[in-house]
Amino acid sequence: KFRGLSGLEAVTCGCIPVVPNRLPYPELFETKYCYPSYNENHEKSINSEAQGLVAKIQQWVTCDDSLQAPSVESWQWSTLRFKYLRLFNEAMTSLD
């Protein structure tokens, strides 16, 4: 299943994401990195998404000099390992 991991990896390397506002992306990235996405009609979706993608890139190129890759620290192991350890310990404690 697709979970957006390649997008997270790219952002970790400094890339600025330009992603559709569907799948896991809205959970991973702020709205300013997403372009509109439509699922009701495949042909309309392709055209609409292409237009949305172009519009988002044009907006950034012409208006936003300060755009930077977002922080993905909250998704990194160095941050998540303590949360996983806590959950694991809670689960083990509840078995007693």
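Residues numbered from 1 in each chain as written. Predicted model: local features only at pLDDT ≥ 70, side-chain atom pairs only at ≥ 80, totals over all residues. Heavy atoms only, no water.

Chemist: Looking at this structure, how should I read a nonpolar patch on the surface?
Modeler: On the surface, Leu85, Phe88, Met92 and Leu95 cluster together to form a nonpolar patch covering roughly 440 Å² of accessible area. One can find Leu95 in the segment after helix H4 (77-94). (Patch = residues over 30% accessible without salt bridge, like charges linked within 9 Å, V, L, I, M, F, W, Y side chains within 5 Å. Areas by Shrake-Rupley, 256 points an atom, 1.4 Å probe, with all protein chains shown as cover. Salt bridge = Lys/Arg side-chain N within 4 Å of Asp/Glu carboxyl O. Helix = DSSP H or I, 4+ residues; strand = E, 2+ residues; numbered from the N terminus.)

Chemist: Could you clarify how one ought to interpret unusual backbone geometry in this entry?
Modeler: Among all residues save glycine, negative phi is the norm, and among peptide bonds the norm is trans. Of note in the backbone geometry, Leu23 takes a positive phi value of approximately 55 degrees without being a glycine. Along the chain, Leu23 turns up in the loop between strand E1 (19-20) and helix H2 (25-28). With relative accessibility at 53%, the residue Leu23 sits in the exposed group. (Buried < 20%, exposed > 50% of the residue type's maximum accessible area, 1.4 Å probe, protein only.)

Chemist: Looking at this model, I keep getting lost on the side chain of Lys56. Mind explaining?
Modeler: Relative to the elements of secondary structure, Lys56 occurs in helix H3 (residues 42-63). Lys56 gets classed as buried once you look at its relative accessible area, which sits at 12%. Apart from the residues within four sequence positions on either side, Lys56 is in contact with Val18, Thr31, Lys32, Cys34 and Tyr35. (Contact = heavy atoms within 4.5 Å.)

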